[in-house]
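# Report on the structure
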Amino acid sequence: MDATTFPLPLAYHIVLCVLGCVFFLAQFIRLKKPYQLMLAIAMPASLLIYIQPESRTLFYTIGLLVALDLLLALVISLIQRFRHPQEKKSDQQQEAAAK
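An account of the accompanying structure is given in this report. (Residues numbered from 1 in each chain as written. Predicted model: local features only at pLDDT ≥ 70, side-chain atom pairs only at ≥ 80, totals over all residues. Heavy atoms only, no water.)

Turning to helix 2 (residues 34-45), a few remarks are in order. Taking 1.5 Å per residue as the helical rise, helix 2 with its 12 residues ought to reach 16 Å, and the 17 Å between its terminal C-alpha atoms agrees with that figure. Within helix 2, burial applies to Q36, M38, L39, A40, A42 and A45. Looking at the buried side of helix 2, the elements it contacts are helix 1 (10-31) and helix 3 (56-83). (Helix = DSSP H or I, 4+ residues; strand = E, 2+ residues; numbered from the N terminus. Expected span 1.5 Å × (residues − 1). Buried < 20%, exposed > 50% of the residue type's maximum accessible area, 1.4 Å probe, protein only. Contact = heavy atoms within 4.5 Å.)

Turning our attention to the packing of aromatic side chains. Here the structure, examined in full by the defined rule, presents 2 aromatic pairs. Measuring from ring centre to ring centre gives 5.3 Å for F23 and F24, while their planes differ by 70°; the resulting arrangement is edge-to-face. For F23, a relative accessible area of 48% translates into the label partly exposed. The buried category is assigned to F24, whose relative accessible area is 19%. With centroids separated by 5.3 Å and ring planes inclined at 75°, the aromatic side chains of F59 and Y60 adopt a geometry described as edge-to-face. Exposure remark for Y60: the relative accessible area of 53% places this residue in the exposed category. Cation over ring: R56 sits above F59, and NZ or CZ is 5.4 Å from the ring centre. (Phe/Tyr/Trp six-rings, centres within 6.5 Å; stacked < 30°, edge-to-face > 60°. Lys NZ or Arg CZ within 6 Å of the ring centre and 35° of its normal.)

Listed below in structure tokens is the structure:
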């Protein structure tokens, strides 16, 4: 990959993906929100472009799959937010009672 296609060197990309994956996995373990697991999958999936860097088909396929994963994470997040507002209210009431 040239610098105009992907501006990060491989070493920085690996570090970014590992940190992002660890962060989202920790958040998923702590909060149990499915979109965080989706994001933990999308981060390291972007490393798949290095399997065959000269293949434009692989590059666009992986880009499309990561974009779909991010879109699905957004949709799941929005569905959870609007489907379970009563859980949020009960959590706030429990926090207020604890104070």
